[in-house]
Amino acid sequence: MDMARKDPICKSEATEEILEASETEGLFVETGYIYSVHGLQGEVRVKATTDFPELRFSKPGRRWLRQQVSGRDMVQEIELTEGRGHPGQKSWILKFHEIDTIEQAQKLVGSALLVKDEDRPVLEEDEFYTRDLVGMKVFLKETRELVGIVINVFNSGASDILHVELLPDRNAKRLEGGASGPLVWVPFVEAIVPNVDLSKREMLITPPKGLLELNFRTDERSKKERRQLEWKERKKFQKRLIAAKKILHEMEQEHIFHGFRYGEKKQKSFLANQIVDVNSTLLQHVLQNKKIPYKRWSFPDFVNALQVNNTLKLSKEFFSKENVEHSSIGSKVQEQGHCLISSGKVAIVLALGESKLLGTSSIPEPAGSHNNEESAYPHVKALLDDSHRLLKVEDRPSVPLILVCPAESIEYLKQLFMDHDYFSFDSEKVWFLEEEKLPVVSASQEEENKHKILMKSPWQILQRPAGSAGIVTLLSSQNILEHLYVTGVEYIQVCSGNQEFINGEMLLGFTKCREANAGIQVFRDAGYLEEHFNMVFSIDFAKKLTKKIDKLQFEAILKPNQHVEMVEKEWLNVIPSSPNSYEFHSSIYSCLNACPPSKVCLIDITA
């Protein structure tokens, strides 16, 4: 697990609960779990849950295994004789004393590997183990007010995050046993958690405004009522999982389910969520579409086919306030668009790809860290500041905003908006959606029409972004599109976050004036690049699009992809030497296949 902070450091020697048996509780910490056998000589493969894999897996000596026997957790001693890293798979291959056959090794699969708690390496000053943070009381540094207790620690990819249970009653003097208060996330960074006292089992925090209210449970339902609701949600999820597995079974993708027989509960749960989230309808469409020879869709050719009176050619300078005011056509069109926005009849969908969203190849620290507040997401801030210039402040609360971004960026983006008071948008009308993804499938000349979904690990489906056309399927998720329609939204503006210039009012106004189903704004000097899109759809046409997924044209791109396969009950890592799989991609411009050219208008901008 990655380090949490530059100054105090949190290292995770144990990420799972220690044995429930009272006689062994607290004596051991987990360092890894056995997920497969290796070869025929009794070796096993281990995934590490420790920051010290070299020490734990290459040095021979006593270890312990936690296994389930007749439904009970049992711990037994075992002797590690040798261990080595597994290149390319981020795992370890271990050999234990008197485990010499594949049958003996198979009995160890699913076990957790433990060491004595007293054998943990001594850390340097201001370094911490994850386990030592759990159970600590949390105080506000400024007032010394007790706010809650740390119940878990998670790694977000950029830093560790504390899961803190707040006091059910913030005026209470102490935490009551079994009390269930609101749960919040607190980034474990020095700017927010400046003081940690292991001897007193407490930490001081300086949370930015609104952090303790993030994810705050506001309902007043009893603990029993909440449990009943959680039970109902679990039952609903199980029904969705059964339905999703049935569809994948019909698609001959049963190999995805192998991971349920291996690993820990969290891995199996992660796999279940992945299976439920697969857009099987879209996947079936792209697999069927792959059988049809792909003809690359030409956006410039489409532009040339549009009606002359549906095309408006302008220069970038034209959009200056003076030029628009001195143009009767421009002024009329701009006013029409402004009226749509100010009356709450427009929603904005902003697609933020990871590279443009972050400006780097790595995930930054949360915006709640004051040192990074001004540097985090500069492109997003600049883009919204530009929209702020184009749309009057008093009109902003009536504009719904949907942000589409990679899954790993959603929490940071939420924090950024919270830290900046949602950039004057109405927080109840802002949605954060994970970009649509599609599984990567095998490409085999022997079985040309049979494509297996590839697995990144036994519990993770290998997926790639589906392209900007995936926004169409996202708009129908969570009933957002229907919600916008009911609230009176008439147009949806969909634009990428990597444009230098966006003018919503002109494009909206021109689409309205031409009574078009769709409007497109292109910046000619950008060469009609597909990733630079700014489009407007009428709400009626957008609703029809979600029912015409077959109109979306996907390109099957042949690429090499490393993956895992189960062969004779053993997980093997496959490293291809040539392209072995298909990734699917579709441009949002392919949505125009569902719209006649006479119902599309274009604003063509030159420098």
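In the annotation of an unreviewed UniProt entry, the entry for the protein reads Ribosome maturation factor RimM, and the organism field reads Anisodus tanguticus.

Trainee: Which parts of the structure should I look at to understand the side chain of His563?
Mentor: Among the secondary structure elements, His563 is positioned in strand β28 (residues 563–567). A polar atom in the side chain of His563 sits 3.1 Å from the side chain of Glu565. When near neighbours in sequence (up to four residues on either side) are disregarded, His563 contacts Leu454, Met455, Leu572, Asn573, Val574 and Asn580.

Trainee: Would you mind going over the nonpolar core with me for this structure?
Mentor: The nonpolar side chains of soluble globular proteins are, as a tendency, buried together. Membership of the largest hydrophobic core comes to 86 residues, with the highest contact counts inside it found for Leu94, Phe96, Ile256, Ile402, Leu484, Ile492 and Phe537. Dropping the residues within four chain positions of it, Leu484 is found in contact with Ala347, Pro400, Ile402, Trp431, Val489, Ile492 and Ile539. Core analysis: the next-biggest nonpolar cluster, separate from the first, contains 32 residues, Leu352, Leu403, Phe417 and Phe510 among them.

Trainee: Just checking my understanding: could you explain helix α15 (residues 504–513) for this structure?
Mentor: Turn by turn, an α-helix covers 3.6 residues, leaving residues three or four places apart pointing in a common direction. Among the 10 residues that make up α15, eight are buried, leaving the element largely enclosed by the rest of the structure. If you check which residues of α15 are buried, you get Gly504, Glu505, Met506, Leu507, Leu508, Gly509, Phe510 and Thr511. At the exit of α15 stands Glu515, carrying a positive phi of roughly 50°.

Trainee: What's the story with the sheet that holds strand β27 (residues 555–559) in this structure? I'm lost.
Mentor: By way of backbone hydrogen bonds, the strands of a sheet pair with one another, either parallel or antiparallel. If you trace the three strands from one edge of the open sheet to the other, you get β20-β30-β27, paired in antiparallel fashion. Unpaired on one side and paired on the other, β20 (441–442) and β27 mark the two borders of the sheet. The pairing of β27 with strand β30 (residues 581–585) spans five bridges and is classified as antiparallel. By the bridge assignment for β30, Ala556 is matched with Phe584.

Trainee: I would appreciate a short explanation of the environment of Ile549 in the present structure.
Mentor: Mapped onto the elements of the fold, Ile549 is located in the loop between α16 (539–545) and β27. Sequence-wise, Ile549 and His285 are 264 residues apart; in three dimensions their C-alpha atoms are separated by 7.7 Å.

Trainee: Would you mind going over the sheet that holds strand β16 (residues 346–351) with me for this structure?
Mentor: Taken in spatial order, the eight strands make up an open sheet running β15-β31-β25-β26-β24-β16-β17-β18, and their pairing is mixed. With partners counted over all chains shown, the strands left at the sheet margins are β15 (311–315) and β18 (430–434), one partner each. The mean angle between the axes of side-by-side strands here comes to 15°, regardless of whether they run parallel or antiparallel. In terms of strand pairing, strand β24 (residues 491–496) meets strand β26 (residues 534–538) through five bridges, oriented antiparallel. Paired with Val494 across the bridge in β26 is Met535. Across the face of the sheet, α15 comes into contact with β15, β16, β24, β25 (518–523), β26 and β31 (600–606) while running at roughly 145° to β31.

Trainee: Got a minute to help me understand the pairing of β28 in this structure?
Mentor: Sheet faces and side chains relate simply in a regular strand, where the side chains alternate between the two faces. Bridge count for β28 against strand β29 (residues 570–574) is five bridges, and the pairing is antiparallel. Counterpart to His563 in the pairing with β29 is Val574. Linking β28 back to β29 in an antiparallel pair, the connection comprises two residues, with Glu568 at a positive phi of about 50°.

Trainee: Would you take a moment to explain the pattern of salt bridges for this structure?
Mentor: Between side chains of opposite charge, a pair can form when the charged atoms approach closely. Taken as a whole and judged by the stated rule, the model has 13 salt bridges. The partner of Glu264 in a salt bridge is Arg66, with the nearest N and O atoms 3.9 Å apart. Residue Glu264 is found in the loop between α4 (223–250) and α5 (265–277), and its partner Arg66 is found in strand β4 (residues 61–69); the two are separated by 198 residues along the sequence. By relative accessible area, Glu264 is classed as buried at 13%.

Trainee: I keep staring at the environment of Ala443 and nothing clicks. Help me out?
Mentor: Looking at where Ala443 falls in the secondary structure, it is placed in the loop between β20 and β21 (455–457). Residue classification places Ala443 among the partly exposed residues on the basis of a relative accessible area of 24%. Spatially, the C-alpha atoms of Ala443 and Lys559 are 9.2 Å apart, while their sequence positions differ by 116 residues. Excluding its chain neighbours within four sequence positions, the residues that come into contact with Ala443 are His451, Leu558, Asn580, Ser581 and Tyr582.

Trainee: For this particular structure, what's the right way to read the state of the cysteines?
Mentor: Between two cysteines, a covalent bond joining their sulfur atoms is known as a disulfide. Within this structure, the stated rule accounts for zero disulfides. The thiol of Cys595 is unpaired, and the distance to the nearest cysteine sulfur, on Cys601, comes to 9.5 Å.

Trainee: Even after reading the chapter, I still don't get the confidence of the model for the protein, so can you show me in this structure?
Mentor: Here the protein shows a mean pLDDT of 78. Residues at 70 or above account for 73%. Low pLDDT, under 50, characterises residues 12–22; the stretch is placed with 40 contacts to residues that sit more than four places away or in other chains. The low-confidence segment residues 388–393, where pLDDT is below 50, has 12 contacts with residues more than four positions distant or belonging to other chains.

Trainee: Would you mind going over the pairing of strand β14 (residues 202–205) with me for this structure?
Mentor: Going residue by residue along β14, you find Glu202 and Leu204 tucked away on one face and Met203 and Ile205 tucked away on the opposite face as well. Relative to β14, strand β9 (residues 137–140) is paired through four bridges, and the arrangement is parallel. Bridging from a neighbouring strand, Val138 pairs with Met203 of β14. In this structure, strand β13 (residues 195–197) lies alongside β14, joined through three bridges in antiparallel fashion. When the bridges of β14 are listed, Asn195 appears paired with Leu204. Counting the residues that bridge the hairpin from β13 to β14 gives four residues, and of these Arg201 lies at a positive phi of roughly 60°.

Reading the values: rules and limits
Residues numbered from 1 in each chain as written. Predicted model: local features only at pLDDT ≥ 70, side-chain atom pairs only at ≥ 80, totals over all residues. Heavy atoms only, no water. Helix = DSSP H or I, 4+ residues; strand = E, 2+ residues; numbered from the N terminus. Polar contact = N/O pair within 3.5 Å; in protein donor to acceptor, adjacent residues only side chain to side chain. Contact = heavy atoms within 4.5 Å. Core = buried A, V, L, I, M, F, W, Y, C linked by side-chain atoms within 4.5 Å. Buried < 20%, exposed > 50% of the residue type's maximum accessible area, 1.4 Å probe, protein only. Pairing = 2+ DSSP bridges. Axes fitted to C-alpha atoms, helices over the stretch in contact; angles between N-to-C directions. Salt bridge = Lys/Arg side-chain N within 4 Å of Asp/Glu carboxyl O. Disulfide = S-S within 2.5 Å. pLDDT = per-residue confidence, 0-100.

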